[in-house]
Amino acid sequence: MSTNKVETSTSNIVTVENLSKTFGSLKAVDNVSFDIKEGEIFGFLGPNGAGKTTTINMLTTLMKPTSGKAVVCGFSIFKDANEVRRSVGVVPQEYTADEDMTGINNIILCADLYGMPRSDSKAHAKELLKLVELEDAANRKVSTYSGGMRRRLELACGLINYPKLLFLDEPTLGLDVQTRTAVWKYIKTLKEEYHMTLFLTTHYLEEADSLCERVAIIDHGHIVKIGSPEELKQSVGGDVIVVDVKEKEPDISSDIAKIQLVKEVKKQDSVYRIKVNDGEEASPQITDLIRSKGLHVTRISLTKPTLDEAYLELTGRNLREEEVDKLQMFRQRVTMRRARS
Amino acid sequence: MDKDTTNTKIKASKDSEDQTKTPEQVSAEQEQRFRSAPKLSRSPFHGLWALTNRDLRKWYTNPIQLFVSLIQPIIWLGLFGKALNFGSFIAGSGATIAQQDIILKSFFGTTSYFSFLSCGMLAFIVLFTSAFSGMSVVFDRRFGFLNKALSTPVARGSIVMGKILQSVGRSLIQAAVVLVIAVALGMDTAHFTPQGIAGAFVIIFLMAVGLSALFTVLALRSGDWQTQMAIINLLNLPLLFASNALFPVKIMPAWLQDVVKVNPVSYAVDGIRQVLIGATGMNSLLLDFAVVIGFAIILSAIGIVLSWRFLSK
C-alpha cells in the first residue's frame, strides 16, 4: 500500500489544488486550492450554500470532483479513495445514527463498516462514549436521545477508526449553548491530547474564531482569503470608528482623512465609517474636528476588529442578510439535494 | 504498512508530549486508547452482515411489523384460496368427480386448486416483500445513513447486497410461514418430499435475490419515497397478475400468455409447483431453474455494478 502513497511535504495532511465541482450550471466549488497542516484545526467559514459541504464531500470521497487534485492523508481521493476512507473520520451535518439501535450499537456498527474486529471495537466504543460523556446513555435507544446527545454520538462514531484527520461538517449547527460549548471542548481535546488534525466547516464566526488556527473564508464556491483569525482581523485594517453626525451636509470626509491616525473614511447619509490605527487616541481628535466645523456628533462607537468585520469586508454581505432570504436558501437547498441524490 | 507508520507517529508525538506535560496527565487510559489502532479487515465482505442485520433487526424487533407481515399471507390465502375458488366453479358445473379432475388437471396441472394457489402465494409473498427492499435505501439516503456508510471503506457492493440479503431473509421466513398455513388450510401434501421442499426454497431464495436486486437497483438514485412507492405499485401488480401465480395461463389471451412467458415470476412458480405438489409444469424443471438462477445472478450483478457507479456522485 505504501507504494501508492503520494509524496507531499511532510507537514501537510491535506493538499488541494484547483478543485471544482459543478452541478449542471451551478458551480458549487470553483477552483479551490488550500493546504491543511498536520495537527491544526482548519476551518471553512462561509454562508449557507457557499460550497463548504460540497468540498467536504469531495475530500471524504462521497462526491467525485469535476476537476482538480486532492491528496488526503497521503492518498489521492481519485486513485485511492478507499485508503482515504480508512484514514479519516467524518462527522456529517445530519444526524445519521440509527434510531432503533442503542448508542453503543451504533458505534459498533460504524466499526463493523470499517472492518474493525469486534474484540477491539466494543472496548473502543466504550472509551469514545466516555469521551463524549454518553456512557450513562450507552444502552438507550437513540430515539430517546436529545439533539445534543445525538450530536455527541455522531462525534463518537466519527472517531471509531482512530482517524488521523477528522472532518466536522457544521458541528454545532442548531445546538444550544451548553452543547455547543461541550462540542468545542471535545474538539480542543482531540487536538491537544490526541494530536488529531481537524477540518471543520461553520457559518458561525465565533466558532471559527475560538477554535480554528487557520480559516478559509469561502463564498460562491471561491476561497476569498485564508489566514489565522488574527490575520483576517488585521486585514480589515485596524479599529473602526462609526460617527453619527446630526447634519447630513457638508461632507467633511476629506477633512477627517487628514487626521494622521485615520486610514480610510466612508460616508453614508450622515454616518461616517472611519478606519483608524488607534481608536482610543483617534476618536477624540475626530469629535474635536467635527465640532470645529460647527457640526454635532449624536453618536459615536469604537469597534475593535472582529472576524465579523473581516467577513463583512471580504464577502461584502453580512450573515443575517443571507439568512433572511428564505426563498433563495430554499432553492439552493433543493438544488443541492437534487444534485446529491 | 500504513498502520505501522501511524503507530510510530502517535508514539513519537506522545514522547514529545511527555516532555511538555507531567506524565500523570498522559493518562494510562489515553495511552491505551491509542496504543494501537486495530488492523482493519480488507475482506470485500466486511460489514455485509452488520448492514444486513441492521435492517433485519428493524423487522424482528418490531412486534407490530412482524405480526402484520406474518398475518398478511393468511388473509391472502383466505381471500384468494377460499373465497375466490376456481375449483368450486368446476365442482358446481354438474360434471362427475372424474371429469372434474380432468378439467382441473388440464387447467391447473393438479386436481387441487388450493394447492395450485398456495404455490402462487409463496411467490406472491416473496414479490411483495422484495418490492419494499428499495424503500430502506431511499430512507437511508434521506436521513444520511447512506452517506455515513459511503464515507467508510465498506465495499459499495456490500451496501447493496446488505439490502438484498435482508429482504431475502424476510422472504424466506415469510414463505415458510405461508407454507405452514397453507398446509393447515388444506394444501395437498401427498407429493411433499424433503428434496421437493428444499428445492422449493432454493427457488424462493433465487427469486427473492433477483426481485430484491431489481427493486434495490431502482431505488439507488432516488431520495424520494413517493416516487419509489409509485414504482413499486407500477411493477408489483403486473409482475403478479401477468404470471401463472394466481390464474392458469391457459385461460389468458394469447398476448398475455406471451407476457407470462417473459415474467421470471412465472418460472419460479412453475418450478415450485413441480417440486412441491407434483403439478404438470408449463416448462421443464431444468428450464425453470435455469431462468431463476440467471435472473438472480444477472440482477445482483447489475446491482453491484451500479452501486459502484451510482452510490457516490
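As the structure is a computational prediction, the values presented were derived from the model and not from experiment.

What counts, and at which threshold
Residues numbered from 1 in each chain as written. Chains lettered and ligands numbered in written order. Predicted model: local features only at pLDDT ≥ 70, side-chain atom pairs only at ≥ 80, totals over all residues. Helix = DSSP H or I, 4+ residues; strand = E, 2+ residues; numbered from the N terminus. Buried ≥ 20, exposed ≤ 12 C-beta atoms within 10 Å, placed from the backbone. Expected span 1.5 Å × (residues − 1). Core = buried A, V, L, I, M, F, W, Y, C linked by C-beta atoms within 7 Å. Contact = placed C-beta atoms within 7 Å. Pairing = 2+ DSSP bridges. Axes fitted to C-alpha atoms, helices over the stretch in contact; angles between N-to-C directions. Parallel < 35°, antiparallel > 145°, perpendicular 65-115°, else oblique. Left-handed = near helix turned anticlockwise from the far one by under 90°. Nonpolar A, V, L, I, M, F, W, Y, C, P; charged D, E, K, R; others polar.

(A) Quick look at the overall build of chain B. Summing up its helical and strand segments, chain B has 15 helices and zero strands in all. In chain B, buried positions account for 42% of the 313 residues.

(B) Fine view of helix H4 (residues 63-83) of chain B. With 21 residues, H4(B) should reach 30 Å at 1.5 Å per residue; the first-to-last C-alpha distance of 29 Å fits that figure. Those residues of H4(B) not exposed but buried are B:Pro73, B:Leu77 and B:Gly81.

(C) Representation of the nonpolar core within the structure. Judged by nonpolar contacts, the single largest core of 153 residues is most densely connected at A:Val72, A:Ala156, B:Leu122 and B:Ala123. No other element matches the 14 residues that helix H7 (residues 113-131) of chain B contributes to this core. Beyond its immediate stretch of four places on either side in the chain, B:Ala123 contacts B:Met207, B:Ala245, B:Val265, B:Ala268, B:Val269 and B:Ile272.

(D) Just the sheet that holds strand E8 (residues 197-202) of chain A, in detail. Residues and elements named next belong to chain A. Overall, mixed pairing links the six strands, which are arranged E6-E7-E8-E3-E9-E10 in an open sheet. Looking along the sheet, the strands with just one partner apiece sit at the ends: strand E6 (88-91) and strand E10 (222-227). The mean inter-strand angle of the sheet, taken between neighbouring strand axes irrespective of direction, is 15 degrees. Pairing between strand E3 (residues 41-45) and E8: five bridges, direction parallel. When the sheet's bridge partners are listed, Leu 45 is paired in E8 with Thr 202. This element, helix H1 (residues 52-59), spans E3, strand E7 (165-169), E8 and strand E9 (214-219) of the sheet and lies at about 150 degrees to E7. Against the sheet, helix H11 (residues 307-315) makes contact with E3, E9 and E10, and its axis sits at roughly 35 degrees relative to E9, the strand it touches most.

(E) How the structure looks around the packing of helix H3 (residues 48-60) of chain B against helix H10 (residues 156-184) of chain B. Residues and elements named next belong to chain B. Orientation of H3 relative to H10, taken along the N-to-C sense of each, is 40 degrees, at an axis distance of 8 Å. Comparing their axes, H10 and H3 come out oblique. When the axes of H3 and H10 are compared, the crossing they make is right-handed. Of H10, the residues touching H3 (which contributes Leu 48, Leu 51, Thr 52, Asp 55, Leu 56 and Trp 59) are Ser 158, Ile 159, Met 161, Gly 162, Lys 163, Leu 165, Gln 166, Gly 169 and Arg 170. The class makeup of the residues in the contact of H3 with H10 is seven nonpolar, five polar and three charged.

(F) Expanded view of the pairing of E6(A). Residues and elements named next belong to chain A. Burial along E6 is two-sided: the residues Val 88 and Val 90 and Gly 89 and Val 91 are all buried. As defined by bridge partners, E6 adjoins E7 across four bridges and the pair is classed as parallel. Along E7, the bridge assignment pairs Val 90 with Phe 167.

(G) Representation of the sheet that holds strand E14 (residues 297-303) of chain A in the model. Residues and elements named next belong to chain A. Sheet architecture is open: four strands sit in the order E12-E13-E11-E14, paired in antiparallel fashion. Pairing within the sheet leaves two strands with one partner each, and these edge strands are strand E12 (262-268) and E14. Strand-to-strand twist in this sheet, taken as the mean axis angle between neighbours without regard to direction, amounts to 15 degrees. Relative to E14, strand E11 (residues 239-245) is paired through six bridges, and the arrangement is antiparallel. Paired with Asp 244 across the strands is Arg 299, a residue of E14. Contacts between helix H10 (residues 279-292) and the sheet are confined to E11, E12, strand E13 (271-276) and E14, with E11 contributing the most and set at about 25 degrees to the helix.

(H) Representation of the pairing of E11(A). Residues and elements named next belong to chain A. The buried count for E11 comes to five of seven residues, which makes it a mostly enclosed element. Relative to E13, E11 runs antiparallel, the two sharing six bridges. By the bridge assignment for E13, Ile 241 is matched with Ile 274.

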